[in-house]
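Architecture and fold: a report
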Amino acid sequence: KIVGRSMAAKRRAKSERKRGGTMSMSTTVCDSCKTKLRYPSKAIYIQCVRCEKAISPDKQSHYANCIGCKELLQIPVTMKCITCPKCETAMNVSTSEPSAGERPAKRKRDPGAPRQASNAYMVFCKAQRARVKRERPDLPFGKIGAQLGLMWRAMSAEEKMPYEAKAAKDRERFRKETDEYYRRNV
């Protein structure tokens, strides 16, 4: 009889007994924050509980989210550039890890790199910020942003359509410029 365990632990122990053994666990240390992690030995990847970095137990590959569709991609350590199979977005892969207790140096932005795509809300803010500033010159910068947020939430889906269309056009521009940029620089 199992005494002093939670119901979930009791169920887990019971299911392990039915399977004919216990699940073998392994341990590793997160490269970024040095947290000790326990994981099932058959795990494909592990996510650190502290820094939320995806870690590969076999160290032959690492994982990253696609910048276009946010899908988790397995990236071999030797690769410098990868294309997402789902949305066909090209990405540079950074494999450098900061040493223990050292903050990584901020990477300088390439002036020739494409400007990030704006979402519909940001397109709306760019179009309406000057008007709100004219109507309410007493509002500080942060309150103008709050006012724009209230205006955006109060809009119907039909009123948001032009901004959604501009955002879609901007996403397409960003995708084309990114592909061209990586073709030139790789």
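Rules of the game
- Residues numbered from 1 in each chain as written.
- Predicted model: local features only at pLDDT ≥ 70, side-chain atom pairs only at ≥ 80, totals over all residues.
- Heavy atoms only, no water.
- Core = buried A, V, L, I, M, F, W, Y, C linked by side-chain atoms within 4.5 Å.
- Buried < 20%, exposed > 50% of the residue type's maximum accessible area, 1.4 Å probe, protein only.
- Helix = DSSP H or I, 4+ residues; strand = E, 2+ residues; numbered from the N terminus.
- Contact = heavy atoms within 4.5 Å.
- Axes fitted to C-alpha atoms, helices over the stretch in contact; angles between N-to-C directions.
- Parallel < 35°, antiparallel > 145°, perpendicular 65-115°, else oblique.
- Left-handed = near helix turned anticlockwise from the far one by under 90°.
- Phe/Tyr/Trp six-rings, centres within 6.5 Å; stacked < 30°, edge-to-face > 60°.
- Expected span 1.5 Å × (residues − 1).
- Arc of directions from axis to C-beta.
- pLDDT = per-residue confidence, 0-100.
- Salt bridge = Lys/Arg side-chain N within 4 Å of Asp/Glu carboxyl O.

Ala120, Val123, Phe124, Cys125, Val132, Leu139, Ile144, Leu148, Trp152, Met155, Tyr163 and Ala167 form the largest nonpolar core, which has 12 residues in total. Of the residues forming this core, the biggest block, 5 residues, is contributed by helix H2 (residues 120-135). Once you skip the residues sitting within four places of it in the chain, Val132 turns out to touch Ile144, Gln147, Leu148 and Met151. Listed in part, the 7 residues of the second largest apolar core include Leu73, Ile75, Ile82 and Cys87.

Axis separation between H2 and helix H4 (residues 157-185) bottoms out at 8 Å; the angle between their running directions is 110 degrees. One element, H2, and the other, H4, form an angle in the roughly perpendicular class. Both H2 and H4 take part in a crossing whose hand is right-handed. Two secondary-structure elements touch here, H2 through Ala120, Val123, Phe124, Ala127 and Gln128 and H4 through Tyr163, Glu164, Lys166 and Ala167.

Moving on, we get to the packing of aromatic side chains. Tallied over the full model, the rule gives 5 aromatic pairs. Arranged with centres 5.3 Å apart and planes meeting at 45 degrees, the rings of Phe124 and Trp152 form a pair that is tilted. In this pair, Phe124 sits in helix H2 while Trp152 sits in helix H3 (residues 141-154), placing the two residues 28 residues apart along the sequence. Comparing Phe124 with Trp152, the two get one shared label, buried. Ring geometry for Trp152 against Tyr163: centres 6.3 Å apart, planes inclined by 65 degrees, an arrangement best described as edge-to-face. On the criterion of sequence distance, the pair formed by Trp152 in helix H3 and Tyr163 in helix H4 is long-range, its members being 11 residues apart.

Along its 14 residues, H3 runs 20 Å from first to last C-alpha, staying within 8% of the 20 Å computed at 1.5 Å per residue. Every buried residue of H3 is listed here: Ile144, Leu148, Gly149 and Trp152. Looking straight down H3, one finds its buried side chains confined to an arc of 145 degrees; they lie on one side. Residues Gly142, Lys143, Arg153 and Ala154 are exposed on H3 and point more than 90 degrees away from its buried face.

Quick look at the confidence of the model for the protein chain now. Averaged over every residue, the pLDDT of the protein chain is 79; the share at 70 or more is 75%. Confidence, read as mean pLDDT per element, is least for strand E5 (residues 61-65) in the protein chain (66) and greatest for H2 (95).

One side chain can pair with another of opposite charge once the charged atoms of both are near each other. Overall, the coordinates contain 5 salt bridges when judged by the stated rule. Among the salt bridges present, the one from Arg131 reaches Glu135, with a minimum N-O distance of 2.9 Å. Residue Arg131 and its partner Glu135 are located together in helix H2, separated by 4 residues, close to a single helical turn. For Arg131, a relative accessible area of 31% translates into the label partly exposed.

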